[in-house]
Amino acid sequence: MSKKFRILSLDGGGIRGLYSAQMLKNIKEKCGIDFYNDFDLIIGTSTGSILAGAIVQNIDLDKVISLYENEGKNIFKKRWFARLGLFTSKYSAEPLKEQLKSIFKNTVLGDIKKPLLICATDIGNSTQFVFKTTFNNQKDGDGNKKYLVRDNDIALYDAIMASSSAPIFFPPHKVGNFLLADGGLWANSPVLVALAEAKKIFNAEPKDVIVISIGTGVEENDYHINTKKWGFLTGWKGPKFISMMLNLQTKVNSSLLKFLMPKENILRLTFTSDKTLPLDDTTQNKNLLSRADKDFSNRHAEIQNFIDKHILGEK
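Here the structure is a predicted model, which is why all the values come from computation and not from measurement.

What counts and how
- Position labels on residues start from 1 in each chain and follow its written sequence.
- Restriction of local features to residues with pLDDT of at least 70 applies here, the model being predicted, together with a cutoff of 80 or more for giving and counting side-chain atom pairs; totals for whole chains, interfaces and linings are based on all residues.
- The side-chain values count all of the structure's non-hydrogen atoms but skip hydrogen atoms and water molecules.
- The convention used is that axes are lines fitted to C-alpha atoms, helices contributing only their stretch in contact, and that angles between N-to-C directions extend from 0 to 180 degrees.
- Each helix corresponds to a stretch of at least 4 residues labelled H or I by DSSP, and each strand to a stretch of at least 2 residues labelled E; elements are numbered beginning at the N terminus.
- For this analysis, residues touch if any pair of their heavy atoms sits within 4.5 Å.
- Amino acids are sorted into nonpolar (Ala, Val, Leu, Ile, Met, Phe, Trp, Tyr, Cys and Pro), charged (Asp, Glu, Lys and Arg) and polar (every other residue, Gly among them).
- Put simply, buried Ala, Val, Leu, Ile, Met, Phe, Trp, Tyr and Cys residues joined by side-chain atoms within 4.5 Å make one nonpolar core.
- Burial status follows relative accessibility: with a 1.4 Å probe on protein chains alone, a residue under 20% of its type maximum counts as buried, one over 50% as exposed, and anything between as partly exposed.
- Pairing of aromatic rings covers Phe, Tyr and the six-membered ring of Trp, with a centre-to-centre limit of 6.5 Å; geometry is then stacked below 30 degrees between planes, edge-to-face above 60, and tilted otherwise.
- Multiplying 1.5 Å by the residue count of a helix minus one yields the expected span of that helix.
- Left-handed describes a crossing in which the near helix is turned anticlockwise from the far one by less than a right angle; the clockwise case is right-handed.

Let us now look at the packing of helix α8 (residues 191-200) against helix α9 (residues 239-260). Working note: a packed helix pair is described by the angle between its axes plus the distance between those axes. Where α8 contacts α9, the axes come no closer than 9 Å and their chain directions differ by 35°. In this structure, α8 uses Val 191, Leu 192 and Leu 195 to contact α9, whose residues at the interface are Asn 253, Leu 256, Leu 257 and Leu 260. Counted by class, the contact of α8 with α9 contains 6 nonpolar, 1 polar and no charged residues.

The next subject is the nonpolar core. Ranked by size, the top nonpolar core spans 73 residues in total, and within it Leu 8, Leu 24, Ile 27, Phe 131, Ile 212 and Ile 214 carry the most contacts. A per-element tally of this core places helix α10 (residues 285-311) first, with 8 residues. Leaving out residues up to four positions away in the same chain, Ile 214 has contacts with Leu 8, Ser 9, Leu 10, Asp 11, Ser 20, Met 23, Leu 24, Ile 27, Arg 268 and Leu 269. Formed by 22 residues, the second largest nonpolar core is a distinct cluster that contains Ile 43, Cys 119, Ala 187 and Phe 202.

Okay, the side chain of Asn 253 next. Within the fold, Asn 253 resides in helix α9. What makes Asn 253 buried here is its relative accessible area of 9%. The residues contacting Asn 253, other than those within four sequence positions of it, are Ser 189, Val 191 and Leu 192.

This part takes up helix α3 (residues 47-56). Taking burial as the measure, the 10 residues of α3 include 10 buried ones, the bulk of the element. Along α3, the residues classified as buried are Thr 47, Gly 48, Ser 49, Ile 50, Leu 51, Ala 52, Gly 53, Ala 54, Ile 55 and Val 56. Looking one or two residues beyond α3, the residue adopting positive phi is Asn 58, at roughly 55°.

What follows concerns the packing of aromatic side chains. The geometry of an aromatic ring pair is captured by the separation of the ring centres together with the interplanar angle, meaning the angle of the planes. One pass over the structure, following the stated rule, counts 9 aromatic pairs. When the centroid spacing of 4.8 Å and the interplanar angle of 40° are considered together, the rings of Phe 5 and Phe 202 count as tilted. Linking Phe 5 in strand β1 (residues 5-10) with Phe 202 in the loop between α8 and β7 (209-214), this pair joins segments that are 197 residues apart in sequence. The exposure classification of Phe 5 matches that of Phe 202, with both residues buried. Seen in terms of ring centroids, Phe 76 and Phe 170 are 5.9 Å apart; in terms of plane orientation they differ by 45°. Their pairing is tilted.

Along the chain, Asp 40 turns up in the loop between α2 (35-38) and β2 (41-45). Asp 40 has contacts with Lys 3, Lys 4, Phe 5, Arg 6, Lys 114 and Pro 115, leaving out every residue within four places of it along the chain.

Between its first and last C-alpha, helix α1 (residues 17-31) extends 20 Å over 15 residues, near the 21 Å set by a 1.5 Å rise per residue. Counting buried positions over the 15 residues of α1 gives 12, a clear majority of the element. Restricting attention to buried positions, one finds in α1 the residues Gly 17, Leu 18, Tyr 19, Ser 20, Ala 21, Gln 22, Met 23, Leu 24, Lys 25, Asn 26, Ile 27 and Cys 31. Positive phi appears at Gly 32, one or two residues downstream of α1, with a value of about 65°.

The next thing to look at is the packing of helix α5 (residues 94-104) against helix α6 (residues 156-163). Relative to each other, α5 and α6 sit at 145°, their axes nearing to 9 Å. Remark: the crossing between α5 and α6 carries right-handed chirality. Along its contact with α5, which presents Leu 96, Lys 97, Leu 100, Lys 101 and Phe 104, the element α6 presents Leu 156, Tyr 157, Ile 160 and Met 161. Partitioning the contact of α5 with α6 into residue classes produces 7 nonpolar, no polar and 2 charged.

Here's what the structure looks like:
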């Protein structure tokens, strides 16, 4: 049997990343797993990139949870002149940038030894953009070493800022000559990106890939079929439209993954809500923590069995 290639994939979702952080903490503390050493590739989008960055830097998850709990109100502090995001972004990027710099300091991607992917959107060239660490221990089919040097000097916090710059909520983030926005516009659930990278760079076949994919919740709060006025502030409802795009992309990627690799090799952890799940509602922090604890408790046996079989069993 071929050695399994293990991927940890972390969705975007703004403040709802608190759910993912708490789920990760539960898994680490109660299932005997070491995310840094037990996975071959870690990928994150938006809020998921914060968690991915913390894991590859061996930063305690409690520190990230505290970021959401204690600094969320400052990061999502409403500006009276930008409440609707009509003429400027709803929030200033500075509080988030300050917090990311305080956590990740001067770390650049070239310092990180773990294979890491962070998804963003290059809005200047209308294309996807994926930050990558070096992967310089990998070889292609001819035995030649593979190198990626484009991102070595990019600060980790800059990559995360770019990935987290959701339209309307935050302004785009410039990195070098690239104008970047939230990776959730095309890869809110970035698991297919990781699967492609596993095949391209690590020569891993889908049947030999193991995935733990952690989401931030998916809402089923659809548009009303009888809506008459479809203006930005009426029918489409601005932030709700952004949320719909992220939810749709998340659902599609999760569904497609099951056609590309064995279902038994995938563990997907998230929840569904019939209520709206805003990216910026810090009043839901306690509910997100409680929901993560409840979901972990309900699925503990399933999670433990998956880890014992597919992750720890490979050691």
